[in-house]
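Fold and contact review
The primary structure of each chain is shown beneath.
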Amino acid sequence: MPAVPTSATLADTALPHDISAAIPSPSISSFQLGPLTIHFYALCILVGIIIAIVLTNRRLTARGVEDWQVLDIATLAVPMAIVFARIYHVITHYTDYFGPGRNPWNPFEPGSVWAIWEGGIAIFGSLIGGTLGAWIMCRRLGLKLTTLLDALAPGLILAQACGRFGNWFNQELFGLPTTLPWGLEIDPGNPAIPLGTPPGTLFHPTFLYEVIWNSLGALVLLYLSRHIFFQWGRLFAVYLMWYGAGRIVWESIRLDPSFVILGLRTNVWGAIGAVALGVAIMLVQWKRHPEPEESPFIKGREPQPAES
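A brief report on the enclosed structure follows.

About the criteria used
Residues numbered from 1 in each chain as written. Predicted model: local features only at pLDDT ≥ 70, side-chain atom pairs only at ≥ 80, totals over all residues. Heavy atoms only, no water. Phe/Tyr/Trp six-rings, centres within 6.5 Å; stacked < 30°, edge-to-face > 60°. Buried < 20%, exposed > 50% of the residue type's maximum accessible area, 1.4 Å probe, protein only. Lys NZ or Arg CZ within 6 Å of the ring centre and 35° of its normal. Pairing = 2+ DSSP bridges. Helix = DSSP H or I, 4+ residues; strand = E, 2+ residues; numbered from the N terminus. Axes fitted to C-alpha atoms, helices over the stretch in contact; angles between N-to-C directions. Parallel < 35°, antiparallel > 145°, perpendicular 65-115°, else oblique. Left-handed = near helix turned anticlockwise from the far one by under 90°. Contact = heavy atoms within 4.5 Å. Nonpolar A, V, L, I, M, F, W, Y, C, P; charged D, E, K, R; others polar.

A separate point is the packing of aromatic side chains. The final tally for this structure, using the stated rule, is 19 aromatic pairs. Between W168 and F169, the aromatic rings sit 5.4 Å apart at their centres with planes inclined by 55°, giving tilted as the arrangement. Residues F229 and F230 carry aromatic rings whose centres are separated by 5.0 Å and whose planes lie at 90° to one another, so their mutual orientation is edge-to-face. Among the residues examined, F230 registers a relative accessible area of 17% and is labelled buried. Here a set of aromatic residues connected by ring pairs shows up, and it is made of F31, F40, F165, W168, F169 and F207. Over the ring of F229 we find R234, and its NZ or CZ is 4.5 Å from the ring centre.

Here the focus is the pairing of strand β2 (residues 30-33). Taken together, the 4 bridges between β2 and strand β3 (residues 36-39) define a ladder with antiparallel strand orientation. Of the residues in β3, the one forming a bridge with Q32 is T37. The turn joining β2 and β3, which pair antiparallel and follow one another in sequence, is formed by 2 residues; a positive phi near 65° is taken by G34.

Attention now moves to the packing of helix α5 (residues 145-170) against helix α7 (residues 234-253). Their axes nearest at 7 Å, the elements α5 and α7 cross at an angle of 25°. Taken together, the axes of α5 and α7 are roughly parallel relative to one another. Once α5 is placed against α7, the crossing between them reads as right-handed. Facing L149, D150, A153, P154, L156, I157, Q160 and R164 of α5, the residues of α7 in contact are R234, L235, F236, Y239, W242, Y243 and R247. Along the lines of polarity and charge, the residues of the contact of α5 with α7 split into 10 nonpolar, 1 polar and 4 charged.

Structural data, given as C-alpha coordinates:
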(Lines give C-alpha, C1' and ligand atoms only; values in the text may rest on other atoms or scores of the structure.)
Protein backbone atom coordinates (compact mmCIF):
# COMPACT_ATOMS: atom_id res chain seq x y z
CA MET A 1 0.00 0.00 0.00
CA PRO A 2 1.16 3.59 -0.48
CA ALA A 3 3.50 5.01 2.16
CA VAL A 4 2.64 8.55 3.19
CA PRO A 5 4.32 10.45 6.06
CA THR A 6 1.91 11.26 8.87
CA SER A 7 1.02 14.79 9.93
CA ALA A 8 2.58 14.17 13.33
CA THR A 9 5.84 13.10 11.74
CA LEU A 10 5.92 16.20 9.57
CA ALA A 11 5.11 18.48 12.47
CA ASP A 12 7.99 17.03 14.45
CA THR A 13 10.49 17.52 11.61
CA ALA A 14 9.37 20.98 10.48
CA LEU A 15 11.43 23.18 12.76
CA PRO A 16 11.88 26.99 12.48
CA HIS A 17 13.91 28.00 9.44
CA ASP A 18 15.32 31.20 7.99
CA ILE A 19 13.35 31.27 4.73
CA SER A 20 15.60 34.02 3.34
CA ALA A 21 18.14 31.28 2.61
CA ALA A 22 15.62 28.91 1.02
CA ILE A 23 15.49 27.87 -2.63
CA PRO A 24 12.40 29.43 -4.25
CA SER A 25 10.23 27.46 -6.62
CA PRO A 26 9.23 28.94 -10.00
CA SER A 27 5.87 30.70 -10.01
CA ILE A 28 4.88 29.23 -13.38
CA SER A 29 5.26 25.80 -14.98
CA SER A 30 4.02 26.60 -18.49
CA PHE A 31 3.27 29.38 -20.95
CA GLN A 32 0.98 29.92 -23.90
CA LEU A 33 2.20 29.98 -27.48
CA GLY A 34 -0.89 30.77 -29.51
CA PRO A 35 -3.37 27.97 -28.86
CA LEU A 36 -0.65 25.71 -27.42
CA THR A 37 0.36 25.31 -23.79
CA ILE A 38 4.11 24.80 -23.55
CA HIS A 39 5.20 23.06 -20.34
CA PHE A 40 8.68 23.74 -18.99
CA TYR A 41 8.91 20.08 -17.97
CA ALA A 42 8.57 19.07 -21.63
CA LEU A 43 11.21 21.64 -22.61
CA CYS A 44 13.60 20.28 -19.97
CA ILE A 45 13.15 16.76 -21.32
CA LEU A 46 13.60 17.99 -24.90
CA VAL A 47 16.84 19.80 -24.01
CA GLY A 48 18.07 16.62 -22.32
CA ILE A 49 17.29 14.51 -25.40
CA ILE A 50 19.17 16.96 -27.63
CA ILE A 51 22.20 16.94 -25.32
CA ALA A 52 22.22 13.13 -25.23
CA ILE A 53 21.95 12.85 -29.02
CA VAL A 54 24.66 15.42 -29.76
CA LEU A 55 27.13 13.98 -27.24
CA THR A 56 26.41 10.40 -28.29
CA ASN A 57 26.89 11.30 -31.96
CA ARG A 58 30.26 12.85 -31.19
CA ARG A 59 31.37 9.78 -29.27
CA LEU A 60 30.11 7.33 -31.90
CA THR A 61 31.75 9.14 -34.81
CA ALA A 62 35.03 8.99 -32.88
CA ARG A 63 34.64 5.19 -33.02
CA GLY A 64 34.10 5.24 -36.80
CA VAL A 65 30.30 5.26 -36.97
CA GLU A 66 28.69 7.37 -39.70
CA ASP A 67 27.98 10.93 -38.62
CA TRP A 68 24.47 11.39 -37.17
CA GLN A 69 23.55 7.73 -37.56
CA VAL A 70 22.48 8.10 -33.94
CA LEU A 71 19.42 9.94 -35.26
CA ASP A 72 18.28 6.76 -36.99
CA ILE A 73 18.51 4.95 -33.67
CA ALA A 74 16.73 7.75 -31.81
CA THR A 75 13.71 7.62 -34.16
CA LEU A 76 12.68 4.35 -32.50
CA ALA A 77 14.50 4.43 -29.17
CA VAL A 78 13.09 7.78 -27.99
CA PRO A 79 9.39 7.01 -28.68
CA MET A 80 9.75 3.57 -27.11
CA ALA A 81 11.43 5.13 -24.08
CA ILE A 82 8.49 7.51 -23.63
CA VAL A 83 5.87 4.78 -24.09
CA PHE A 84 7.55 2.39 -21.66
CA ALA A 85 8.11 5.22 -19.18
CA ARG A 86 4.37 5.82 -19.14
CA ILE A 87 3.53 2.11 -18.90
CA TYR A 88 5.91 1.68 -15.96
CA HIS A 89 4.37 4.67 -14.18
CA VAL A 90 0.81 3.46 -14.68
CA ILE A 91 1.67 -0.04 -13.45
CA THR A 92 3.42 1.25 -10.32
CA HIS A 93 0.60 3.76 -9.62
CA TYR A 94 -2.33 1.68 -10.85
CA THR A 95 -4.73 2.86 -8.11
CA ASP A 96 -4.44 6.37 -9.57
CA TYR A 97 -5.94 5.10 -12.82
CA PHE A 98 -8.09 2.06 -12.03
CA GLY A 99 -10.91 1.56 -9.57
CA PRO A 100 -14.24 3.17 -8.65
CA GLY A 101 -14.56 6.72 -9.93
CA ARG A 102 -11.47 6.47 -12.13
CA ASN A 103 -11.24 7.13 -15.86
CA PRO A 104 -8.56 4.82 -17.25
CA TRP A 105 -9.39 4.70 -20.96
CA ASN A 106 -11.15 7.88 -22.15
CA PRO A 107 -8.40 10.25 -23.36
CA PHE A 108 -10.86 13.15 -23.54
CA GLU A 109 -11.42 13.11 -19.78
CA PRO A 110 -8.78 13.84 -17.09
CA GLY A 111 -6.97 10.97 -15.43
CA SER A 112 -6.70 8.48 -18.30
CA VAL A 113 -3.71 6.21 -18.83
CA TRP A 114 -3.10 8.04 -22.13
CA ALA A 115 -2.85 11.51 -20.56
CA ILE A 116 0.93 11.73 -20.40
CA TRP A 117 0.55 15.53 -20.71
CA GLU A 118 -0.84 15.48 -17.17
CA GLY A 119 2.47 14.10 -15.90
CA GLY A 120 3.56 10.64 -14.93
CA ILE A 121 6.59 9.01 -16.55
CA ALA A 122 9.20 6.78 -14.95
CA ILE A 123 12.90 6.73 -15.80
CA PHE A 124 13.25 3.00 -15.20
CA GLY A 125 10.53 2.34 -17.76
CA SER A 126 12.25 4.65 -20.23
CA LEU A 127 15.52 2.76 -19.78
CA ILE A 128 13.79 -0.51 -20.61
CA GLY A 129 11.92 0.85 -23.63
CA GLY A 130 14.82 2.93 -24.91
CA THR A 131 17.26 0.04 -24.68
CA LEU A 132 14.85 -2.26 -26.51
CA GLY A 133 14.36 0.30 -29.28
CA ALA A 134 18.12 0.89 -29.50
CA TRP A 135 18.77 -2.85 -29.73
CA ILE A 136 16.30 -3.21 -32.63
CA MET A 137 17.90 -0.32 -34.54
CA CYS A 138 21.43 -1.50 -33.82
CA ARG A 139 20.57 -4.90 -35.30
CA ARG A 140 19.22 -3.19 -38.42
CA LEU A 141 22.27 -0.93 -38.77
CA GLY A 142 24.90 -3.54 -37.90
CA LEU A 143 26.10 -1.76 -34.76
CA LYS A 144 27.03 -3.37 -31.47
CA LEU A 145 24.58 -2.44 -28.76
CA THR A 146 27.43 -2.31 -26.25
CA THR A 147 29.20 0.34 -28.33
CA LEU A 148 26.06 2.45 -28.47
CA LEU A 149 25.31 2.14 -24.75
CA ASP A 150 28.86 3.10 -23.78
CA ALA A 151 28.72 6.11 -26.11
CA LEU A 152 25.30 7.05 -24.72
CA ALA A 153 26.04 6.78 -20.99
CA PRO A 154 27.49 10.28 -20.32
CA GLY A 155 24.83 12.03 -22.41
CA LEU A 156 22.04 9.97 -20.89
CA ILE A 157 22.88 10.90 -17.32
CA LEU A 158 23.19 14.56 -18.35
CA ALA A 159 19.76 14.32 -19.99
CA GLN A 160 18.36 12.99 -16.72
CA ALA A 161 19.89 15.95 -14.90
CA CYS A 162 18.11 18.32 -17.31
CA GLY A 163 14.83 16.49 -16.87
CA ARG A 164 14.91 16.97 -13.10
CA PHE A 165 14.58 20.73 -13.55
CA GLY A 166 11.09 19.92 -14.82
CA ASN A 167 10.21 18.67 -11.33
CA TRP A 168 11.37 22.02 -9.95
CA PHE A 169 9.07 23.92 -12.33
CA ASN A 170 6.19 21.60 -11.44
CA GLN A 171 6.88 21.78 -7.69
CA GLU A 172 6.69 17.99 -7.46
CA LEU A 173 8.65 14.98 -6.18
CA PHE A 174 10.32 17.00 -3.42
CA GLY A 175 11.68 15.46 -0.24
CA LEU A 176 10.80 15.42 3.43
CA PRO A 177 10.80 18.61 5.54
CA THR A 178 14.21 20.04 6.33
CA THR A 179 15.82 22.91 8.24
CA LEU A 180 18.95 22.89 6.07
CA PRO A 181 19.94 26.21 4.45
CA TRP A 182 19.00 24.91 1.00
CA GLY A 183 15.42 23.95 1.87
CA LEU A 184 12.97 24.24 -1.01
CA GLU A 185 9.95 26.53 -0.85
CA ILE A 186 6.69 24.98 -2.08
CA ASP A 187 3.52 27.00 -2.68
CA PRO A 188 0.86 26.55 0.04
CA GLY A 189 -1.97 24.37 -1.14
CA ASN A 190 0.24 22.18 -3.28
CA PRO A 191 -1.64 18.84 -3.36
CA ALA A 192 1.60 16.94 -2.75
CA ILE A 193 1.96 18.50 0.72
CA PRO A 194 0.30 16.18 3.26
CA LEU A 195 -2.49 17.56 5.42
CA GLY A 196 -1.26 18.92 8.74
CA THR A 197 2.08 20.16 7.46
CA PRO A 198 2.92 23.41 9.34
CA PRO A 199 2.89 26.61 7.25
CA GLY A 200 6.29 27.72 6.03
CA THR A 201 7.73 24.21 6.01
CA LEU A 202 10.68 23.76 3.66
CA PHE A 203 11.52 20.53 1.90
CA HIS A 204 14.58 18.67 0.63
CA PRO A 205 15.19 19.74 -3.01
CA THR A 206 15.59 16.21 -4.31
CA PHE A 207 15.59 17.54 -7.88
CA LEU A 208 18.76 19.49 -7.09
CA TYR A 209 20.42 16.54 -5.36
CA GLU A 210 19.88 14.45 -8.47
CA VAL A 211 21.02 17.24 -10.82
CA ILE A 212 24.32 17.51 -8.92
CA TRP A 213 24.77 13.74 -8.62
CA ASN A 214 24.03 13.13 -12.30
CA SER A 215 26.30 15.96 -13.44
CA LEU A 216 29.15 14.54 -11.37
CA GLY A 217 28.35 11.13 -12.85
CA ALA A 218 28.70 12.52 -16.38
CA LEU A 219 32.19 13.81 -15.54
CA VAL A 220 33.15 10.45 -14.04
CA LEU A 221 31.87 8.57 -17.09
CA LEU A 222 33.69 10.87 -19.51
CA TYR A 223 36.91 10.35 -17.57
CA LEU A 224 36.52 6.56 -17.42
CA SER A 225 35.68 6.38 -21.13
CA ARG A 226 39.28 7.32 -21.88
CA HIS A 227 40.34 3.89 -20.64
CA ILE A 228 40.01 0.87 -22.92
CA PHE A 229 38.75 -1.28 -20.06
CA PHE A 230 35.43 0.59 -20.09
CA GLN A 231 34.26 -0.87 -23.38
CA TRP A 232 31.94 -3.78 -24.19
CA GLY A 233 29.13 -2.18 -22.15
CA ARG A 234 31.21 -1.74 -19.01
CA LEU A 235 30.90 2.07 -19.08
CA PHE A 236 27.12 1.68 -19.26
CA ALA A 237 27.40 -0.68 -16.29
CA VAL A 238 29.10 2.11 -14.32
CA TYR A 239 26.25 4.43 -15.33
CA LEU A 240 23.68 1.97 -13.98
CA MET A 241 25.55 1.62 -10.69
CA TRP A 242 26.15 5.37 -10.28
CA TYR A 243 22.62 6.42 -11.16
CA GLY A 244 21.03 3.61 -9.19
CA ALA A 245 23.08 4.33 -6.05
CA GLY A 246 22.01 7.98 -6.04
CA ARG A 247 18.40 7.17 -6.80
CA ILE A 248 18.22 4.82 -3.81
CA VAL A 249 19.00 7.79 -1.55
CA TRP A 250 16.72 10.36 -3.23
CA GLU A 251 13.79 7.96 -3.37
CA SER A 252 14.20 7.18 0.32
CA ILE A 253 13.60 10.80 1.34
CA ARG A 254 10.92 11.74 -1.20
CA LEU A 255 7.55 12.80 0.15
CA ASP A 256 5.22 11.72 -2.66
CA PRO A 257 3.12 8.61 -2.02
CA SER A 258 4.48 5.37 -3.43
CA PHE A 259 3.65 1.71 -3.22
CA VAL A 260 5.83 -0.16 -0.77
CA ILE A 261 7.08 -3.71 -1.19
CA LEU A 262 8.86 -5.34 1.74
CA GLY A 263 9.31 -1.94 3.36
CA LEU A 264 10.82 -0.19 0.32
CA ARG A 265 9.30 2.11 -2.29
CA THR A 266 8.92 0.56 -5.74
CA ASN A 267 11.44 2.98 -7.25
CA VAL A 268 13.97 2.06 -4.56
CA TRP A 269 13.62 -1.53 -5.74
CA GLY A 270 14.08 -0.28 -9.30
CA ALA A 271 17.26 1.56 -8.29
CA ILE A 272 18.56 -1.52 -6.48
CA GLY A 273 17.83 -3.49 -9.64
CA ALA A 274 19.81 -0.97 -11.71
CA VAL A 275 22.83 -1.32 -9.41
CA ALA A 276 22.59 -5.13 -9.47
CA LEU A 277 22.28 -5.15 -13.27
CA GLY A 278 25.30 -2.86 -13.56
CA VAL A 279 27.37 -5.16 -11.38
CA ALA A 280 26.24 -8.20 -13.40
CA ILE A 281 27.09 -6.54 -16.73
CA MET A 282 30.50 -5.51 -15.42
CA LEU A 283 31.38 -9.01 -14.21
CA VAL A 284 30.01 -10.87 -17.23
CA GLN A 285 31.59 -8.58 -19.82
CA TRP A 286 34.87 -8.50 -17.90
CA LYS A 287 35.04 -12.29 -18.16
CA ARG A 288 33.70 -12.57 -21.73
CA HIS A 289 35.63 -9.70 -23.29
CA PRO A 290 38.98 -8.94 -21.67
CA GLU A 291 40.20 -7.76 -25.09
CA PRO A 292 39.60 -4.23 -26.49
CA GLU A 293 36.42 -3.66 -28.49
CA GLU A 294 38.24 -2.87 -31.72
CA SER A 295 35.20 -2.37 -33.96
CA PRO A 296 31.82 -0.78 -33.21
CA PHE A 297 30.21 -2.98 -35.86
CA ILE A 298 28.75 -6.47 -35.62
CA LYS A 299 31.13 -9.00 -37.15
CA GLY A 300 30.37 -9.34 -40.85
CA ARG A 301 28.31 -6.13 -40.92
CA GLU A 302 31.21 -3.69 -41.27
CA PRO A 303 30.60 -0.91 -43.83
CA GLN A 304 32.33 -1.57 -47.13
CA PRO A 305 34.57 1.13 -48.60
CA ALA A 306 33.09 2.88 -51.63
CA GLU A 307 34.51 1.78 -54.98
CA SER A 308 36.50 4.44 -56.80
